[in-house]
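Single-letter residue listing:
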Amino acid sequence: MNLLPILFYLLAAVMVAATIFAITEKHPVHAIAYLVTSFFALAAIFYLLAAPLVAMFEVIIYAGAIMVLFMFVIMMLDPGHADEARRPGLLHWLPALFFAGIILAALVMGAALRQAVPVPISTGLGVKEFSLALFRRYGVAIEIISMQLLFAVVGALYLGKKRSPSRSEDS
Amino acid sequence: MTMVPLHILAALLKVSVILVAILTLAAYMVFAERRLLAWIQDRKGPNRVGPFGLLQPLADLIKLLAKEDFCPPAGDKWLFYLAPAMAAIPAIVTFALVPVGAPVDLFGTVVDLQIVDLNVGLLLFLALSSIAVYGVALGGWASNSKYALLGSIRGLAQLISYELSMGLSLVPVVMLARSVRLSEIVSAQAGVWFIVYQPLAFLIFLLSILAECKRIPFDLPEAEGELVAGFHTEYSGMRFGLFFVGEYINIIVLGGLASTFFLGGWHGPLLPPVVWFTLKTLSFAFLFIWLRGTLPRLRYDQLMHLGWKLLTPLALVNILVTAWWLYLKG
(Lines give C-alpha, C1' and ligand atoms only; values in the text may rest on other atoms or scores of the structure.)
Protein backbone atom coordinates (compact mmCIF):
# COMPACT_ATOMS: atom_id res chain seq x y z
CA MET A 1 0.00 0.00 0.00
CA ASN A 2 1.76 3.10 -1.19
CA LEU A 3 0.06 6.34 -0.36
CA LEU A 4 2.52 8.62 -2.12
CA PRO A 5 1.25 8.26 -5.72
CA ILE A 6 -2.35 8.72 -4.56
CA LEU A 7 -1.36 11.86 -2.66
CA PHE A 8 0.62 13.13 -5.60
CA TYR A 9 -2.23 12.75 -8.09
CA LEU A 10 -4.68 14.27 -5.65
CA LEU A 11 -2.44 17.30 -5.09
CA ALA A 12 -1.67 17.61 -8.79
CA ALA A 13 -5.37 17.57 -9.62
CA VAL A 14 -6.06 20.24 -7.01
CA MET A 15 -3.20 22.33 -8.33
CA VAL A 16 -4.26 22.15 -11.97
CA ALA A 17 -7.91 22.80 -11.17
CA ALA A 18 -7.07 25.74 -8.90
CA THR A 19 -4.77 27.25 -11.51
CA ILE A 20 -7.45 26.94 -14.20
CA PHE A 21 -9.96 28.61 -11.90
CA ALA A 22 -7.43 31.33 -11.10
CA ILE A 23 -7.11 32.09 -14.81
CA THR A 24 -10.80 31.97 -15.67
CA GLU A 25 -12.05 33.73 -12.54
CA LYS A 26 -13.11 37.28 -13.33
CA HIS A 27 -12.76 38.65 -9.85
CA PRO A 28 -9.16 39.42 -8.86
CA VAL A 29 -9.58 38.58 -5.17
CA HIS A 30 -11.13 35.19 -5.99
CA ALA A 31 -8.35 34.57 -8.46
CA ILE A 32 -5.83 35.21 -5.69
CA ALA A 33 -7.61 32.74 -3.41
CA TYR A 34 -7.39 30.08 -6.15
CA LEU A 35 -3.78 30.87 -6.88
CA VAL A 36 -2.86 30.53 -3.21
CA THR A 37 -4.59 27.13 -3.17
CA SER A 38 -2.53 26.17 -6.17
CA PHE A 39 0.71 27.28 -4.49
CA PHE A 40 -0.19 25.23 -1.46
CA ALA A 41 -0.72 22.10 -3.51
CA LEU A 42 2.56 22.78 -5.30
CA ALA A 43 4.36 23.18 -1.98
CA ALA A 44 2.98 19.86 -0.80
CA ILE A 45 4.16 18.24 -4.04
CA PHE A 46 7.64 19.68 -3.48
CA TYR A 47 7.55 18.19 -0.03
CA LEU A 48 6.61 14.79 -1.43
CA LEU A 49 9.52 15.12 -3.85
CA ALA A 50 11.83 15.31 -0.82
CA ALA A 51 12.50 19.02 -1.16
CA PRO A 52 11.05 20.39 2.10
CA LEU A 53 13.03 23.60 1.90
CA VAL A 54 11.69 24.46 -1.53
CA ALA A 55 8.20 23.64 -0.28
CA MET A 56 8.55 26.06 2.62
CA PHE A 57 9.92 28.83 0.42
CA GLU A 58 7.06 28.29 -2.00
CA VAL A 59 4.61 29.03 0.80
CA ILE A 60 6.60 31.77 2.56
CA ILE A 61 7.55 33.72 -0.55
CA TYR A 62 4.83 33.09 -3.09
CA ALA A 63 1.71 32.33 -1.07
CA GLY A 64 2.69 34.37 1.96
CA ALA A 65 4.44 37.43 0.61
CA ILE A 66 3.84 38.03 -3.08
CA MET A 67 0.16 37.10 -3.11
CA VAL A 68 -0.45 39.15 0.03
CA LEU A 69 1.12 42.16 -1.66
CA PHE A 70 -1.05 41.55 -4.73
CA MET A 71 -4.08 41.47 -2.49
CA PHE A 72 -2.96 44.63 -0.72
CA VAL A 73 -2.69 46.44 -4.04
CA ILE A 74 -6.05 45.12 -5.24
CA MET A 75 -7.77 46.22 -2.04
CA MET A 76 -6.15 49.65 -2.16
CA LEU A 77 -6.92 50.30 -5.82
CA ASP A 78 -10.21 48.41 -6.27
CA PRO A 79 -9.70 47.78 -10.00
CA GLY A 80 -13.16 47.96 -11.50
CA HIS A 81 -16.07 45.60 -10.96
CA ALA A 82 -16.16 42.01 -11.89
CA ASP A 83 -19.32 42.28 -13.98
CA GLU A 84 -17.73 44.77 -16.34
CA ALA A 85 -14.83 42.53 -17.21
CA ARG A 86 -15.31 40.86 -20.55
CA ARG A 87 -14.30 37.34 -21.38
CA PRO A 88 -11.27 37.51 -23.68
CA GLY A 89 -11.90 36.87 -27.35
CA LEU A 90 -10.17 34.30 -29.52
CA LEU A 91 -7.41 36.75 -30.41
CA HIS A 92 -6.43 37.11 -26.78
CA TRP A 93 -6.32 33.36 -26.34
CA LEU A 94 -4.04 32.74 -29.32
CA PRO A 95 -0.65 33.42 -27.66
CA ALA A 96 -1.64 31.36 -24.65
CA LEU A 97 -2.79 28.50 -26.88
CA PHE A 98 0.43 28.75 -28.87
CA PHE A 99 2.64 28.43 -25.81
CA ALA A 100 0.44 25.76 -24.29
CA GLY A 101 0.85 23.85 -27.56
CA ILE A 102 4.63 24.10 -27.34
CA ILE A 103 4.63 22.88 -23.75
CA LEU A 104 2.28 20.01 -24.56
CA ALA A 105 4.39 19.01 -27.56
CA ALA A 106 7.51 19.07 -25.39
CA LEU A 107 5.78 16.94 -22.81
CA VAL A 108 4.65 14.39 -25.40
CA MET A 109 8.13 14.30 -26.92
CA GLY A 110 9.67 13.87 -23.52
CA ALA A 111 7.30 11.06 -22.65
CA ALA A 112 7.86 9.33 -26.00
CA LEU A 113 11.65 9.56 -25.86
CA ARG A 114 11.85 8.66 -22.24
CA GLN A 115 14.44 6.17 -21.22
CA ALA A 116 14.39 4.35 -17.96
CA VAL A 117 16.89 6.40 -16.02
CA PRO A 118 17.63 5.00 -12.59
CA VAL A 119 16.38 7.72 -10.30
CA PRO A 120 18.51 8.00 -7.19
CA ILE A 121 16.36 7.46 -4.15
CA SER A 122 16.46 10.82 -2.47
CA THR A 123 16.20 10.88 1.27
CA GLY A 124 15.41 14.55 1.27
CA LEU A 125 17.65 17.54 0.91
CA GLY A 126 18.54 18.98 4.27
CA VAL A 127 18.80 22.63 5.08
CA LYS A 128 22.56 22.40 5.43
CA GLU A 129 23.22 20.83 2.00
CA PHE A 130 20.84 23.28 0.38
CA SER A 131 22.49 26.32 1.94
CA LEU A 132 25.98 25.09 1.16
CA ALA A 133 25.09 24.60 -2.50
CA LEU A 134 23.30 27.93 -2.64
CA PHE A 135 25.91 30.14 -1.01
CA ARG A 136 29.13 28.31 -1.90
CA ARG A 137 28.53 26.99 -5.37
CA TYR A 138 26.11 29.61 -6.62
CA GLY A 139 27.24 32.42 -4.33
CA VAL A 140 28.22 34.78 -7.12
CA ALA A 141 24.92 34.27 -8.91
CA ILE A 142 23.05 35.00 -5.68
CA GLU A 143 25.00 38.22 -5.23
CA ILE A 144 24.28 39.32 -8.80
CA ILE A 145 20.57 38.58 -8.42
CA SER A 146 20.37 40.46 -5.13
CA MET A 147 22.12 43.43 -6.70
CA GLN A 148 19.61 43.38 -9.53
CA LEU A 149 16.81 43.39 -7.00
CA LEU A 150 18.44 46.35 -5.28
CA PHE A 151 18.56 48.22 -8.59
CA ALA A 152 14.89 47.44 -9.10
CA VAL A 153 14.04 48.79 -5.65
CA VAL A 154 16.04 51.97 -6.25
CA GLY A 155 14.40 52.39 -9.64
CA ALA A 156 10.94 51.95 -8.18
CA LEU A 157 11.74 54.49 -5.48
CA TYR A 158 12.93 56.93 -8.11
CA LEU A 159 9.82 56.47 -10.24
CA GLY A 160 7.53 56.73 -7.23
CA LYS A 161 9.23 59.80 -5.79
CA LYS A 162 7.20 62.97 -5.86
CA ARG A 163 8.77 65.63 -8.03
CA SER A 164 9.48 68.84 -6.18
CA PRO A 165 6.67 71.34 -6.80
CA SER A 166 8.91 74.08 -8.22
CA ARG A 167 10.22 71.84 -10.96
CA SER A 168 6.79 70.59 -11.94
CA GLU A 169 5.61 74.18 -12.35
CA ASP A 170 8.57 74.99 -14.58
CA SER A 171 8.08 72.09 -16.94
CA MET B 1 3.06 -5.21 10.71
CA THR B 2 1.52 -3.96 13.88
CA MET B 3 4.07 -1.19 14.21
CA VAL B 4 2.55 1.08 11.61
CA PRO B 5 -1.01 1.19 12.96
CA LEU B 6 0.38 1.74 16.45
CA HIS B 7 2.40 4.64 15.13
CA ILE B 8 -0.62 6.18 13.45
CA LEU B 9 -2.67 5.59 16.57
CA ALA B 10 -0.09 7.32 18.72
CA ALA B 11 0.01 10.28 16.31
CA LEU B 12 -3.78 10.53 16.29
CA LEU B 13 -3.83 10.39 20.06
CA LYS B 14 -1.25 13.16 20.31
CA VAL B 15 -3.14 15.31 17.81
CA SER B 16 -6.45 14.92 19.61
CA VAL B 17 -4.99 15.52 23.07
CA ILE B 18 -3.18 18.65 21.95
CA LEU B 19 -6.17 19.91 19.95
CA VAL B 20 -8.53 19.53 22.89
CA ALA B 21 -5.95 21.02 25.23
CA ILE B 22 -5.32 24.17 23.22
CA LEU B 23 -9.00 24.71 22.41
CA THR B 24 -9.87 24.47 26.10
CA LEU B 25 -6.92 26.63 26.98
CA ALA B 26 -7.98 29.24 24.41
CA ALA B 27 -11.53 29.28 25.79
CA TYR B 28 -10.17 29.77 29.30
CA MET B 29 -7.74 32.41 28.06
CA VAL B 30 -10.77 34.50 27.12
CA PHE B 31 -12.15 34.01 30.61
CA ALA B 32 -8.77 34.67 32.24
CA GLU B 33 -8.35 37.81 30.21
CA ARG B 34 -11.73 39.14 31.30
CA ARG B 35 -11.04 38.35 34.94
CA LEU B 36 -7.50 39.74 34.87
CA LEU B 37 -8.52 42.91 33.06
CA ALA B 38 -11.28 43.37 35.58
CA TRP B 39 -8.76 42.87 38.38
CA ILE B 40 -6.38 45.39 36.80
CA GLN B 41 -9.21 47.90 36.37
CA ASP B 42 -10.60 47.26 39.83
CA ARG B 43 -13.81 45.57 38.63
CA LYS B 44 -15.21 42.11 39.29
CA GLY B 45 -15.44 40.56 35.84
CA PRO B 46 -17.61 37.55 34.92
CA ASN B 47 -18.16 35.66 38.19
CA ARG B 48 -21.78 34.43 37.96
CA VAL B 49 -21.67 31.24 35.88
CA GLY B 50 -20.45 28.40 38.06
CA PRO B 51 -17.93 28.74 40.89
CA PHE B 52 -15.84 31.91 40.36
CA GLY B 53 -17.45 32.16 36.91
CA LEU B 54 -15.47 29.15 35.73
CA LEU B 55 -18.26 27.93 33.45
CA GLN B 56 -18.38 31.26 31.62
CA PRO B 57 -16.58 29.90 28.48
CA LEU B 58 -19.24 27.19 28.18
CA ALA B 59 -22.02 29.77 28.44
CA ASP B 60 -20.26 31.91 25.82
CA LEU B 61 -19.97 28.92 23.52
CA ILE B 62 -23.68 28.12 23.78
CA LYS B 63 -24.53 31.76 23.19
CA LEU B 64 -22.32 31.99 20.11
CA LEU B 65 -23.66 28.74 18.66
CA ALA B 66 -27.26 29.82 19.19
CA LYS B 67 -26.81 33.13 17.38
CA GLU B 68 -27.83 33.75 13.80
CA ASP B 69 -25.11 33.13 11.26
CA PHE B 70 -25.46 36.25 9.17
CA CYS B 71 -23.74 37.23 5.96
CA PRO B 72 -24.23 40.80 4.65
CA PRO B 73 -26.34 40.68 1.45
CA ALA B 74 -23.73 42.69 -0.46
CA GLY B 75 -20.91 40.58 0.88
CA ASP B 76 -19.02 37.87 -0.89
CA LYS B 77 -20.67 34.75 0.58
CA TRP B 78 -18.06 32.18 -0.30
CA LEU B 79 -15.06 34.04 1.08
CA PHE B 80 -17.06 35.45 3.99
CA TYR B 81 -17.85 31.96 5.23
CA LEU B 82 -14.33 30.68 4.57
CA ALA B 83 -12.31 33.49 6.16
CA PRO B 84 -12.74 32.62 9.87
CA ALA B 85 -11.43 29.13 9.22
CA MET B 86 -8.51 30.59 7.30
CA ALA B 87 -7.68 32.67 10.35
CA ALA B 88 -7.97 29.89 12.93
CA ILE B 89 -6.53 26.86 11.11
CA PRO B 90 -2.93 28.11 10.61
CA ALA B 91 -2.77 29.01 14.29
CA ILE B 92 -3.93 25.53 15.34
CA VAL B 93 -1.66 23.76 12.85
CA THR B 94 1.38 25.71 14.06
CA PHE B 95 1.04 24.07 17.44
CA ALA B 96 1.86 20.73 15.82
CA LEU B 97 5.45 21.95 15.61
CA VAL B 98 5.91 22.90 19.23
CA PRO B 99 7.74 20.44 21.48
CA VAL B 100 5.70 20.57 24.67
CA GLY B 101 7.90 18.27 26.74
CA ALA B 102 10.87 15.97 26.87
CA PRO B 103 10.49 12.67 24.97
CA VAL B 104 8.89 10.13 27.28
CA ASP B 105 9.41 6.39 27.45
CA LEU B 106 6.03 4.79 26.88
CA PHE B 107 5.76 0.98 26.87
CA GLY B 108 9.31 0.60 25.61
CA THR B 109 9.04 3.10 22.74
CA VAL B 110 10.26 6.67 22.97
CA VAL B 111 7.45 9.11 22.20
CA ASP B 112 8.23 12.72 21.36
CA LEU B 113 5.86 15.14 22.99
CA GLN B 114 5.56 16.96 19.69
CA ILE B 115 3.29 16.06 16.80
CA VAL B 116 5.77 16.56 13.98
CA ASP B 117 9.47 17.24 14.23
CA LEU B 118 10.21 18.55 10.75
CA ASN B 119 13.73 19.35 9.65
CA VAL B 120 12.30 22.66 8.38
CA GLY B 121 10.18 23.29 11.48
CA LEU B 122 11.03 26.94 11.99
CA LEU B 123 10.41 27.69 8.33
CA LEU B 124 7.04 25.99 8.47
CA PHE B 125 6.15 28.25 11.39
CA LEU B 126 7.06 31.29 9.29
CA ALA B 127 5.07 29.89 6.37
CA LEU B 128 1.98 29.30 8.48
CA SER B 129 2.16 32.71 10.09
CA SER B 130 2.40 34.32 6.67
CA ILE B 131 -0.69 32.38 5.61
CA ALA B 132 -2.69 33.52 8.63
CA VAL B 133 -2.89 36.96 6.99
CA TYR B 134 -5.51 35.70 4.55
CA GLY B 135 -8.20 35.20 7.17
CA VAL B 136 -7.98 38.84 8.22
CA ALA B 137 -7.65 40.17 4.70
CA LEU B 138 -10.36 38.12 3.01
CA GLY B 139 -12.76 38.36 5.95
CA GLY B 140 -12.67 42.14 5.93
CA TRP B 141 -12.84 42.37 2.18
CA ALA B 142 -15.72 39.90 1.80
CA SER B 143 -17.82 41.79 4.34
CA ASN B 144 -18.16 44.62 1.84
CA SER B 145 -18.17 47.22 4.57
CA LYS B 146 -15.86 50.19 4.85
CA TYR B 147 -14.87 49.58 8.46
CA ALA B 148 -14.09 45.95 7.77
CA LEU B 149 -12.12 46.83 4.65
CA LEU B 150 -10.09 49.48 6.44
CA GLY B 151 -9.42 47.05 9.23
CA SER B 152 -8.25 44.33 6.89
CA ILE B 153 -6.01 46.67 4.88
CA ARG B 154 -4.40 47.77 8.12
CA GLY B 155 -4.14 44.15 9.20
CA LEU B 156 -2.46 43.20 5.94
CA ALA B 157 0.12 45.97 6.18
CA GLN B 158 0.79 45.29 9.83
CA LEU B 159 1.14 41.54 9.50
CA ILE B 160 3.47 41.76 6.50
CA SER B 161 5.66 44.35 8.22
CA TYR B 162 6.02 42.54 11.49
CA GLU B 163 6.46 39.14 9.90
CA LEU B 164 9.70 40.49 8.50
CA SER B 165 11.12 41.55 11.83
CA MET B 166 9.84 38.33 13.40
CA GLY B 167 11.61 36.20 10.81
CA LEU B 168 14.81 38.25 11.08
CA SER B 169 14.82 38.04 14.86
CA LEU B 170 14.79 34.26 14.59
CA VAL B 171 17.89 34.11 12.40
CA PRO B 172 20.31 34.47 15.38
CA VAL B 173 18.45 31.63 17.09
CA VAL B 174 19.06 29.41 14.08
CA MET B 175 22.70 30.53 14.01
CA LEU B 176 23.18 29.58 17.64
CA ALA B 177 21.31 26.29 17.44
CA ARG B 178 22.75 25.47 13.98
CA SER B 179 19.41 23.95 13.04
CA VAL B 180 15.88 24.89 12.08
CA ARG B 181 14.50 21.74 13.65
CA LEU B 182 12.57 22.78 16.73
CA SER B 183 13.63 19.85 18.89
CA GLU B 184 17.27 20.65 18.17
CA ILE B 185 16.74 24.31 18.98
CA VAL B 186 15.36 23.21 22.34
CA SER B 187 18.17 20.75 23.05
CA ALA B 188 20.73 23.42 22.12
CA GLN B 189 19.39 25.39 25.08
CA ALA B 190 19.88 22.60 27.60
CA GLY B 191 22.68 24.63 29.25
CA VAL B 192 22.01 28.31 28.65
CA TRP B 193 18.77 29.73 27.31
CA PHE B 194 19.09 31.79 24.14
CA ILE B 195 17.56 34.82 25.81
CA VAL B 196 20.90 35.23 27.63
CA TYR B 197 22.84 35.46 24.37
CA GLN B 198 20.12 37.21 22.41
CA PRO B 199 18.14 39.62 24.59
CA LEU B 200 17.69 42.01 21.67
CA ALA B 201 16.39 39.30 19.34
CA PHE B 202 14.02 38.20 22.10
CA LEU B 203 12.69 41.73 22.50
CA ILE B 204 12.19 42.13 18.75
CA PHE B 205 10.49 38.74 18.58
CA LEU B 206 8.25 39.62 21.51
CA LEU B 207 7.12 42.89 19.95
CA SER B 208 6.61 41.20 16.60
CA ILE B 209 4.45 38.40 17.98
CA LEU B 210 2.46 40.98 19.88
CA ALA B 211 1.79 42.64 16.54
CA GLU B 212 1.13 39.30 14.84
CA CYS B 213 -1.52 38.54 17.44
CA LYS B 214 -3.10 41.93 16.74
CA ARG B 215 -3.09 42.72 20.44
CA ILE B 216 -3.01 46.08 22.17
CA PRO B 217 -0.85 48.16 21.62
CA PHE B 218 -0.88 46.85 18.05
CA ASP B 219 -4.60 46.14 17.62
CA LEU B 220 -5.00 48.59 14.73
CA PRO B 221 -6.90 46.09 12.52
CA GLU B 222 -9.76 45.99 15.01
CA ALA B 223 -9.34 49.36 16.73
CA GLU B 224 -12.82 49.54 18.24
CA GLY B 225 -12.59 53.27 18.86
CA GLU B 226 -12.46 54.08 15.17
CA LEU B 227 -13.37 50.97 13.14
CA VAL B 228 -16.25 49.44 15.20
CA ALA B 229 -14.54 46.05 15.31
CA GLY B 230 -12.27 46.24 12.28
CA PHE B 231 -12.09 43.26 9.99
CA HIS B 232 -14.69 41.20 11.87
CA THR B 233 -17.29 43.94 12.19
CA GLU B 234 -19.86 42.05 10.10
CA TYR B 235 -19.35 38.65 11.66
CA SER B 236 -21.80 37.09 14.06
CA GLY B 237 -22.24 33.88 15.98
CA MET B 238 -19.67 31.14 15.83
CA ARG B 239 -17.84 32.65 12.86
CA PHE B 240 -16.99 35.63 14.98
CA GLY B 241 -16.16 33.12 17.71
CA LEU B 242 -13.71 31.41 15.37
CA PHE B 243 -11.87 34.69 14.72
CA PHE B 244 -11.91 35.37 18.44
CA VAL B 245 -10.73 31.93 19.54
CA GLY B 246 -8.21 31.92 16.70
CA GLU B 247 -6.66 35.04 18.18
CA TYR B 248 -6.30 33.40 21.58
CA ILE B 249 -4.96 30.18 20.08
CA ASN B 250 -2.44 32.37 18.31
CA ILE B 251 -1.39 33.89 21.62
CA ILE B 252 -0.86 30.45 23.14
CA VAL B 253 0.98 29.13 20.09
CA LEU B 254 3.23 32.17 19.74
CA GLY B 255 3.88 32.17 23.48
CA GLY B 256 4.84 28.51 23.21
CA LEU B 257 7.12 29.25 20.27
CA ALA B 258 8.72 32.19 22.07
CA SER B 259 9.54 29.94 25.00
CA THR B 260 10.82 27.30 22.57
CA PHE B 261 13.10 29.72 20.75
CA PHE B 262 14.38 31.82 23.63
CA LEU B 263 13.43 30.38 27.01
CA GLY B 264 14.76 26.88 26.58
CA GLY B 265 11.46 25.21 25.69
CA TRP B 266 10.69 22.52 28.24
CA HIS B 267 14.07 22.74 29.97
CA GLY B 268 14.00 23.70 33.61
CA PRO B 269 14.98 22.44 37.04
CA LEU B 270 12.89 20.37 39.50
CA LEU B 271 9.47 20.48 37.83
CA PRO B 272 8.56 18.05 35.03
CA PRO B 273 9.21 19.39 31.48
CA VAL B 274 5.56 19.70 30.46
CA VAL B 275 4.87 21.83 33.51
CA TRP B 276 7.82 24.08 32.71
CA PHE B 277 6.64 24.49 29.16
CA THR B 278 3.09 25.30 30.25
CA LEU B 279 4.35 27.79 32.82
CA LYS B 280 6.50 29.62 30.29
CA THR B 281 3.74 29.69 27.69
CA LEU B 282 1.13 30.92 30.12
CA SER B 283 3.44 33.62 31.44
CA PHE B 284 3.59 34.99 27.89
CA ALA B 285 -0.20 34.92 27.79
CA PHE B 286 -0.29 36.74 31.12
CA LEU B 287 2.17 39.32 29.81
CA PHE B 288 -0.06 39.93 26.79
CA ILE B 289 -3.11 40.45 28.98
CA TRP B 290 -1.15 42.70 31.32
CA LEU B 291 0.04 44.81 28.38
CA ARG B 292 -3.54 45.11 27.19
CA GLY B 293 -4.55 46.41 30.58
CA THR B 294 -1.67 48.88 30.65
CA LEU B 295 -0.79 50.35 27.27
CA PRO B 296 -2.70 52.63 24.90
CA ARG B 297 -2.98 51.87 21.20
CA LEU B 298 -0.29 53.04 18.81
CA ARG B 299 -1.14 55.34 15.93
CA TYR B 300 -0.91 53.76 12.49
CA ASP B 301 2.21 55.67 11.39
CA GLN B 302 3.90 54.95 14.72
CA LEU B 303 3.21 51.27 14.15
CA MET B 304 4.78 51.33 10.71
CA HIS B 305 7.76 53.37 11.90
CA LEU B 306 8.39 50.99 14.75
CA GLY B 307 8.28 47.99 12.44
CA TRP B 308 10.26 49.25 9.49
CA LYS B 309 12.59 51.88 10.92
CA LEU B 310 13.41 50.37 14.29
CA LEU B 311 12.76 46.64 14.62
CA THR B 312 13.82 45.49 11.15
CA PRO B 313 17.15 47.40 11.01
CA LEU B 314 17.90 46.39 14.60
CA ALA B 315 17.22 42.76 13.76
CA LEU B 316 19.55 43.01 10.75
CA VAL B 317 22.32 44.57 12.83
CA ASN B 318 21.78 41.89 15.44
CA ILE B 319 22.23 39.19 12.82
CA LEU B 320 25.50 40.80 11.68
CA VAL B 321 26.82 41.10 15.21
CA THR B 322 25.86 37.51 16.00
CA ALA B 323 27.54 36.32 12.83
CA TRP B 324 30.75 38.17 13.72
CA TRP B 325 30.68 36.83 17.22
CA LEU B 326 30.21 33.26 16.06
CA TYR B 327 32.92 33.74 13.44
CA LEU B 328 35.45 35.07 15.95
CA LYS B 329 34.54 32.34 18.40
CA GLY B 330 35.33 29.85 15.64
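Residues numbered from 1 in each chain as written. Chains lettered and ligands numbered in written order. Predicted model: local features only at pLDDT ≥ 70, side-chain atom pairs only at ≥ 80, totals over all residues.

**Q** What is the right way to read the overall build of chain B from this model?
**A** Each helix and strand in chain B was counted, giving 13 helices and two strands. Compactness check: chain B gives a C-alpha radius of gyration of 20 Å against a globular reference of 20 Å for 330 residues, within 12% of the reference. Here chain B, with 330 residues, has 46% of them falling under the buried criterion. (Helix = DSSP H or I, 4+ residues; strand = E, 2+ residues; numbered from the N terminus. Rg over C-alpha atoms; globule rule 2.2 N^0.38 Å. Buried ≥ 20, exposed ≤ 12 C-beta atoms within 10 Å, placed from the backbone.)

**Q** Would you mind showing me how to read the interface of chain A and chain B here?
**A** In this assembly, 18 residues from chain A lie in contact with 21 residues from chain B. Taken together, the elements giving at least two residues each to the side of chain A that touches chain B come down to α2 (28-48) and α3 (52-77) of chain A. Across the side of chain A that touches chain B, the residue classes break down as 16 nonpolar, two polar and no charged. (Contact = placed C-beta atoms within 7 Å. Nonpolar A, V, L, I, M, F, W, Y, C, P; charged D, E, K, R; others polar.)

**Q** Would you take a moment to explain helix α13 (residues 300-329) of chain B for this structure?
**A** Three- or four-residue spacings in an α-helix give side chains the same orientation, since the helix completes a turn every 3.6 residues. Residues and elements named next belong to chain B. Over its 30 residues, α13 runs 42 Å from end to end, which matches the ideal 44 Å to within 8%, given 1.5 Å per residue. The principal kink in α13, of about 30 degrees, is found at Leu-306. Listing the buried residues of α13 in full gives Leu-303, Gly-307, Leu-311, Thr-312, Ala-315, Asn-318 and Thr-322. Positive backbone phi, at 85 degrees, marks Gly-330, one or two positions downstream of α13. (Expected span 1.5 Å × (residues − 1). Bend = angle between axes of the 7 residues up to and from the residue.)

**Q** Honestly, the packing of helix α6 (residues 146-177) of chain B against α13(B) in this entry has me stumped. Any pointers?
**A** When two helices pack together, their arrangement is given by the angle between the helix axes and by the axis-to-axis distance. Residues and elements named next belong to chain B. At a minimum axis separation of 9 Å, α6 and α13 run at an interaxial angle of 15 degrees. Judged by the angle between their axes, α6 and α13 are roughly parallel. In terms of crossing hand, the pair formed by α6 and α13 is left-handed. Looking at the contact of α6 with α13 residue by residue, the class counts come to 16 nonpolar, eight polar and one charged. (Axes fitted to C-alpha atoms, helices over the stretch in contact; angles between N-to-C directions. Parallel < 35°, antiparallel > 145°, perpendicular 65-115°, else oblique. Left-handed = near helix turned anticlockwise from the far one by under 90°.)

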